[in-house]
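So you can see what is in the structure, the chains are spelled out below.
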Amino acid sequence: MFKSVFWLNTASVAYAISTSSPSEPSLPHPVLPSVQGRPVMFSKIASVLQQSSTNLFLTGATFKGRVVENIVLWNITQQFHNTEKQAVELLYHFPLRAMALLVSATARIGSRQFTCEVSAKQQARMDYTDTVANGDSAILIEQDDELRYFMRIGNIMPGEKLDIHLQTAEFLQLAHGSARIAVPTCLPNSYSLSGDHEQHPVAVSESHKYTLKAELKLTGSTRQGRISSPSHKLRIGQTPECMLLEVAGDAFLDRDFVLNIDELKCAGPAGFWFHNPQVGPDLPGAYVGMLNYMFPQESLSPQGVRLKLLLDCSGSMEGGRMSSAKSALKCLIPQLRMNDRISFSRFGNHCENLLDSTALVTSQVRQGLGCWIDETEASFGGTEMAAALSAVANISNVGKADVLLITDGEVNGLVEMVEAAMETTHRVFVLAIGANPQESLLSTLARATGGAVEFVQQDCDIEAAMTRLFKTLRSTTFTGVRLHCEGLIEQTQVAPVFGFDGCSFPVLFSSNSPAFGVAMHIEKRAGSGLAKSELASVPFRLLDEPELAQAVSKLWAAQRFDSLMDQERLKPCEFEESPTELAATELAVRFGLVTPLTSACLTLLRSADERNPDMPVRHAVPNMLATDRSAGGVTTFFCRSSTSTFEYTIQSMLMDFSSSELVDGVSGDAIRSPAKCIQALAELPEDLRPTTFEELLVLGFPEEVIEWCKKSLADLLLTQGEAAVVERVLEMLVKGVLGEWEWVLGQVGFIS
């Protein structure tokens, strides 16, 4: 099936629906090679798939990212090791964010570098098969039907170690002063591929452990906000140019790495020009303009909303996810107005509409909602989301309505779900709860219908996420943006075709020459009112950064690719390959994009004596079992001062510990943040407070923090003993929470 790679707007998803075929396999089947002088038996090509292998072919992954000028760049290294006694072919599904673009792919075995070529999908598959059949090594990278990436790695010889390097780029999405940066590390546990009307489960293992190393550099305004990670413990450092965040302790590919940045103070709009690396300086389109425009936050529309609440009550929502969903809904009730209309539905393997029509919000309706929320349990079995969206559409209502969907995203069937949602003509706003939701699916569902999505881990800022999402739902909708400047090539409407007050809007366009002022014509609509047009002038400057220029030019090319595919959807051609589709393929090949029409094939040619004389044995590389468990609680920092790198390091070491069970009667369920943990410790009677380092370990203090305390308070440890040091540490923690860092640093000898 075809899909939109980058923008994922309504038209692109509609094209995906119109061009999908139930008979098209989602996994590329081997093509019989025709290797001159070397016949290959089909039985060898169709080698045995060993999904239950206990070998750790994937050993881990390293993520190194940076945020620069509102673009998030990630360099990802996946490490593989063949410990078998024969050559292997590995099948591996790995996730990328819905709005992330795969900019480049390289690979290396020892000092030998693979060469990469992007070509039409069928050609890339044949190139891969021929290379492997000839005994050489190859890697094929494609996309699957659920917007995930599929990798086939052929002829990794016994004992060899393979590093695959991927670079991704995406716009930093801002909403009401908050931004979320995430790196998917594993597929959701329910994830599977469909093809030929059959389900092919992706291998998931409870026993395999793949290590995760991640670091991120923040520059500009992003390092001036409130930084927190609900997924991992962090180390933090700062220089005059950037802030460096690093995952601390042991981490694995069993949960997404998530970083939240709140209370951002955004400067005025500013754009950048980049030289287009794929276009000569004297050719049309030699420059690409980039702007992540922030629509100003205006007062919310006074018009009432017609809201249909849809709560996922499937079995996977049991426990903390359902508790978080209930908290989000209870947070929503006080935000409803007297002129709003609302309904409430619950779904799993069936959908239960508790109201036959939307009801005007009254005190009785508020009370009824609260009772329904309290009695709701995750007891509805499976997750038939497409059917639930259709059922909710049948709830009577006058005028257009919005659906607010709360789910953990453990569901499959993107095309069916988006098709069902688009047929309802409802906007769908999604609150996704959990550590590993189907981000691509839920983002596409929201954007295809003109809605928005918020991702949040259970028990972490659930009320803030719901408030942001509901504020977006009420906000003015921006329905189009047009640009004008000297030398501009495109005078067409910029995708995506909608945006919201207080949210960022990514804009990419090309020009023959850089202009230092760009006029933007913005069309917006409040509720069901008439569209209005506004004019904004944005300053631009030329930025010389080759890595960023390559990423931005490919993001622009992906936008152009989507535009061509939209034209193909609107004006289908009777021929198998239309001129528009051929033009889209040519564009993707030229810019090296992995798209629904093109794939990347990386090859490594070997000498005759080291080629594999047989076909490799095929193995599926399982994903780790996704978990919602936090790797150490929420780590939060306020980063607006000129505090030294050293003080940030001290704060990190003191604040970076788990909110696990503290003492009898004080559990981590009720105490979720480090500050609350410290407050609870301070309020305990003296006879219940920890007095040994071992007790601190039980409470969740990392070993490195305890070792640092021993060294920093060595004199106290020598003269008064272990209990005195533990007491001093707890006192330092309390003072730290109160912001008395001068006193804390004085205790460890850095301020006299």
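If you're wondering where the values come from, they're calculated on a predicted model, not measured in any experiment.

### Considering the overall build of the protein
Then, in step 1: Check the secondary structure of the protein and you find 18 helices and 37 strands.
Then, in step 2: Taken across its 752 residues, the protein has 57% of its residues classed as buried.
Then, in step 3: By element, 52% of the accessible surface of the protein is carried by carbon and sulfur atoms, the whole surface being about 30900 Å².

### With respect to the nonpolar core
Then, in step 1: Ile139, Ile141, Leu162, Ile181, Leu218 and Leu259 are the most contacted members of the largest nonpolar core, which totals 57 residues.
Then, in step 2: When neighbours within four sequence positions are excluded, Ile139 is seen to be in contact with Ala107, Phe114, Tyr128, Met151, Arg152, Ile153, Leu162, Ile164, Ala600, Cys601 and Leu602.
Then, in step 3: Formed by 39 residues, the second largest nonpolar core is a distinct cluster that contains Leu311, Leu332, Phe429 and Leu469.

### Things to note about the sheet that holds strand S18 (residues 243-247)
Then, in step 1: Taken in spatial order, the 8 strands line up as S5-S4-S9-S2-S1-S15-S18-S17 in an open sheet, and their pairing is mixed. The open sheet is flanked by strand S5 (112-113) and strand S17 (234-238), the only strands paired with a single partner.
Then, in step 2: Examined bridge by bridge, strand S1 (residues 58-68) and strand S2 (residues 71-81) share 10 bridges and lie antiparallel to one another. Residue Thr62 lies in a different strand from S2, and its bridge partner there is Thr77.

### Side note on the packing of helix H4 (residues 320-332) against helix H9 (residues 462-474)
Then, in step 1: H9 packs onto H4 with a crossing angle of 50° between their chain directions and a minimal axis gap of 9 Å. Relative to H9, H4 is oriented oblique. Relative to H9, the crossing made by H4 is right-handed. Along its contact with H4, which presents Ser324, Ser327, Ala328, Cys331 and Leu332, the element H9 presents Ile462, Glu463, Met466, Thr467 and Phe470.
Then, in step 2: When the residues that make up the contact of H4 with H9 are grouped by side-chain class, the tally is 6 nonpolar, 3 polar and 1 charged.

### Here's the deal with the packing of aromatic side chains
Then, in step 1: One pass over the structure, following the stated rule, counts 11 aromatic pairs.
Then, in step 2: Where Trp273 meets Phe509, the ring centres are 5.4 Å apart and the plane angle is 85°; that geometry is what we call edge-to-face. Of the two residues, Trp273 is situated in strand S20 (residues 271-275) and Phe509 in strand S31 (residues 504-511); the sequence distance between them amounts to 236 residues.
Then, in step 3: Geometrically, the ring pair formed by Trp556 and Phe591 is edge-to-face, given 5.8 Å between the ring centres and 65° between the ring planes. Here Phe591 lies in helix H11 (residues 579-591) and Trp556 lies in helix H10 (residues 546-570), a separation of 35 residues in the sequence.
Then, in step 4: Aromatic ring contacts, followed pair by pair, group Phe80, Tyr92, Phe94 and Tyr149 into a single cluster.

### Observations regarding the side chain of Ser229
Then, in step 1: Among the secondary structure elements, Ser229 is positioned in strand S16 (residues 226-229).
Then, in step 2: Ser229 gets classed as buried once you look at its relative accessible area, which sits at 0%.
Then, in step 3: From its side chain, Ser229 meets the backbone nitrogen of His232 in a polar contact 3.2 Å long.

### What to know about unusual backbone geometry
Then, in step 1: Although it is not a glycine, His176 adopts a positive phi angle of roughly 55°.
Then, in step 2: Along the chain, His176 falls in the loop between strand S10 (174-175) and strand S11 (178-183).
Then, in step 3: Residue classification places His176 among the buried positions, given a relative accessible area of 17%.

### Some words on the sheet that holds strand S35 (residues 617-620)
Then, in step 1: On the basis of which strands lie adjacent, the open sheet formed by 6 strands has the order S6-S34-S7-S8-S3-S35 and mixed pairing. The sheet is open, and its two edges are formed by strand S6 (115-120) and S35, each paired on a single side. Within this sheet the neighbouring strands show an average axis-to-axis angle of 20°, counted without direction.
Then, in step 2: Sheet topology places strand S7 (residues 137-143) next to strand S8 (residues 149-156); 6 bridges connect them, and they run antiparallel. By the bridge assignment, Glu142 is partnered in S8 with Phe150.
Then, in step 3: Against the sheet, helix H3 (residues 121-133) contacts strand S3 (88-94), S6, S7, S8 and strand S34 (598-604), and its axis sits at roughly 155° relative to S7.
Then, in step 4: Contacts between H11 and the sheet are confined to S6 and S34, with S6 contributing the most and set at about 175° to the helix.

### Considerations on helix H15 (residues 703-712)
Then, in step 1: All of the buried residues in H15 are Val705, Ile706, Trp708 and Cys709. Looking straight down H15, one finds that the buried residues subtend no more than 160° of arc, so they occupy a single side. Facing away from the buried side of H15 by over 90 degrees, the exposed positions are Glu703 and Lys711.

### Comments concerning the environment of Ala465
Then, in step 1: Its location among the elements puts Ala465 in helix H9.
Then, in step 2: Its relative accessible area of 1% is what places Ala465 among the buried residues.
Then, in step 3: Taking C-alpha positions, Ala465 is 6.4 Å from Glu454, a pair spaced 11 residues apart along the chain.
Then, in step 4: Setting aside chain neighbours within four positions, we find Ala465 in contact with Leu431, Glu454 and Val456.

Quick notes on the rules
- Residues numbered from 1 in each chain as written.
- Predicted model: local features only at pLDDT ≥ 70, side-chain atom pairs only at ≥ 80, totals over all residues.
- Heavy atoms only, no water.
- Helix = DSSP H or I, 4+ residues; strand = E, 2+ residues; numbered from the N terminus.
- Buried < 20%, exposed > 50% of the residue type's maximum accessible area, 1.4 Å probe, protein only.
- Areas by Shrake-Rupley, 256 points an atom, 1.4 Å probe, with all protein chains shown as cover.
- Core = buried A, V, L, I, M, F, W, Y, C linked by side-chain atoms within 4.5 Å.
- Contact = heavy atoms within 4.5 Å.
- Pairing = 2+ DSSP bridges.
- Axes fitted to C-alpha atoms, helices over the stretch in contact; angles between N-to-C directions.
- Parallel < 35°, antiparallel > 145°, perpendicular 65-115°, else oblique.
- Left-handed = near helix turned anticlockwise from the far one by under 90°.
- Nonpolar A, V, L, I, M, F, W, Y, C, P; charged D, E, K, R; others polar.
- Phe/Tyr/Trp six-rings, centres within 6.5 Å; stacked < 30°, edge-to-face > 60°.
- Polar contact = N/O pair within 3.5 Å; in protein donor to acceptor, adjacent residues only side chain to side chain.
- Arc of directions from axis to C-beta.

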